[in-house]
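Residue-level structural notes
Okay, here's what each chain looks like letter by letter:
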Amino acid sequence: MTTSVPEQAQQLLSAVYNDLEFTRGTLIPTSSEPGHGASEDTWRDIGEWLILGDRLGAERVFFVAEDPVVLFSELAGKASEEEFVAAYRRAWSLGRARCLFIARDGELRVYALTEPPPRSLDDQNPLTPLEIVTRAADVADQLAAYHRDRVESGLLFEDKPYREHDGRADQRFLRDVQAATDALVRAGLPRSVAHTLIERVILIRYLEDRQVIDSDYFQNVAAQRNPPVGKQPLLEPDRPSLGAQSAFIPYLSSPQLTYAIFETLERDFNGDLFIVSPSETKLVAAEHLLLIQRLLSGVGVAGQEPLFLWAYDFSVVPTSLISEMYEQFYSAGTTDKSSTHYTPQELVEYVLSTVLTRKVLSEKPRICDPACG
């Protein structure tokens, strides 16, 4: 009898779980809510990662202590290369994970999550798996280097592909955000204003990727202006074909529309981050917004290393990483040496996953400030 495609993929993943002895460690199914595959104590410690793992499409996560080190995913049928890149991009955006196993029809691939995803299938740095296994019977021998013992001891990550980790999302994100801020400062903005703009656009991209706001939201903002401004042409920047597809980015070519969006978001979300001071409107010019547009779309600016703000899937970027951005900006703008404090991350993710939805937004609620960690 012919084995179905899902069964073939599952056989390969099962061989990894059992033959490499991941089942003897902390291997937990992902879940969008507490009570599925993890105890209450376990959920308190690693619940955020299980929610994010479920969102990015992972089947299970292997933890070392409380770190989500290895992700296991499955693609249906004859998955295309674009689907592999999309799965890699989501897993890379998680930041803390180090290794990704993806199974599909008759094939298991292993990737190191150490570099940003390629911009396109023709990228000069294509996505290349470290290993490809086609038979479950070969997993134990061919993937012996990935045995649970080597993962838990850290020996695996002394190998070359994992030592070179400057391209990991948790390493790149804060550097990219700081580089974007520096570019705005060089363009004449005070650093405090540059911080505010970057924080806002990152939060908007987060809301987009979470599908809380979409192109209809922005079009409605434009149509409700008096007079309506929805018919004016918007500059469409060149964007990576395999990266973020944002409806917001083109609106940055219009200062009037950009600030109308900020005003509407401030009203809908009751968030301090979207409040625009009179001094900001005098300082921010079209050239500054066009610079942000270039940075978000991966065009970058001359004389600096490429930015990868286009590459992040903010629906799975951990809130802890976003919080680090806010804390970095907060620390840069104050002489207060005391620590900032945040709600536990797993609680934040669970509350936002159940509260921050498009349906709730349509009812125009007053909800917690999205800028809060």
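Residues numbered from 1 in each chain as written. Predicted model: local features only at pLDDT ≥ 70, side-chain atom pairs only at ≥ 80, totals over all residues. Heavy atoms only, no water.

1. Structural notes on the overall build of the chain
The helix and strand tally for the chain stands at 15 helices and six strands. Within the chain, the proportion of its 373 residues that are buried is 49%. A total accessible area of about 17000 Å² is found for the chain, and carbon and sulfur atoms account for 49% of it. (Helix = DSSP H or I, 4+ residues; strand = E, 2+ residues; numbered from the N terminus. Buried < 20%, exposed > 50% of the residue type's maximum accessible area, 1.4 Å probe, protein only. Areas by Shrake-Rupley, 256 points an atom, 1.4 Å probe, with all protein chains shown as cover.)

2. Concerning the confidence of the model for the chain
Per-residue confidence for the chain gives a mean pLDDT of 84; residues scoring 70 or more make up 82%. Of all secondary-structure elements in the chain, the lowest mean pLDDT belongs to helix α14 (residues 345-355), at 50, while helix α4 (residues 139-142) reaches the highest, 98. (pLDDT = per-residue confidence, 0-100.)

3. Considering the packing of helix α7 (residues 169-186) against helix α8 (residues 191-209)
In contact at an axis separation of 9 Å, α7 and α8 are set at 130 degrees when each is read in the N-to-C sense. Judged on the interaxial angle alone, α8 and α7 are oblique. Helix-helix and strand crossings are classified by hand; for α7 and α8 the assignment is right-handed. The segment α7 lies against α8, with Phe173, Val177, Gln178, Ala180, Thr181, Asp182, Leu184 and Val185 engaging Arg191, Ala194, His195, Ile198 and Ile202. Grouping the constituent residues of the contact of α7 with α8 by class yields eight nonpolar, three polar and two charged. (Axes fitted to C-alpha atoms, helices over the stretch in contact; angles between N-to-C directions. Parallel < 35°, antiparallel > 145°, perpendicular 65-115°, else oblique. Left-handed = near helix turned anticlockwise from the far one by under 90°. Contact = heavy atoms within 4.5 Å. Nonpolar A, V, L, I, M, F, W, Y, C, P; charged D, E, K, R; others polar.)

4. A closer look at helix α12 (residues 286-296)
The periodicity of an α-helix, 3.6 residues per turn, causes residues three or four positions apart to be oriented the same way. Every buried residue of α12 is accounted for by His288, Leu289, Leu291, Ile292, Gln293, Leu295 and Leu296. For α12, the secondary structure elements touched by its buried residues are α7, α8, α10 (255-269) and α11 (278-283). Following α12 by one or two positions, Gly298 adopts a phi angle in the positive range, close to 85 degrees.

5. Here we look at the environment of Pro237
When you line up the elements, Pro237 lands in the loop between α9 (215-223) and α10. Residues Pro237 and Val299 lie 62 residues apart in sequence; the distance between their C-alpha atoms is 8.2 Å. Once residues lying within four places of it in the same chain are set aside, the contact partners of Pro237 are Ile249, Gln293 and Ser297.

6. Things to note about the nonpolar core
By size, the foremost hydrophobic cluster in this structure holds 83 residues, and its most contacted members are Leu71, Phe173, Ile204, Leu265 and Met325. Top element by residues in this core is α8. It accounts for 10 residues. If near-sequence neighbours (up to four positions away) are discounted, Phe173 is found in contact with Ile202, Tyr312, Phe314, Leu321, Ile322 and Met325. (Core = buried A, V, L, I, M, F, W, Y, C linked by side-chain atoms within 4.5 Å.)

7. Comments concerning the pattern of salt bridges
The full count for this structure, using the stated rule, is 19 salt bridges. A salt bridge links Arg109 to Glu107, with the nearest nitrogen and oxygen atoms 2.9 Å apart. We note that Arg109, like Glu107, is buried. Across the salt bridge formed by Arg135 and Asp138, the nearest N and O atoms sit 2.9 Å from each other. Taking relative accessible area as the criterion, Asp138 reaches 24% and is therefore assigned partly exposed. (Salt bridge = Lys/Arg side-chain N within 4 Å of Asp/Glu carboxyl O.)

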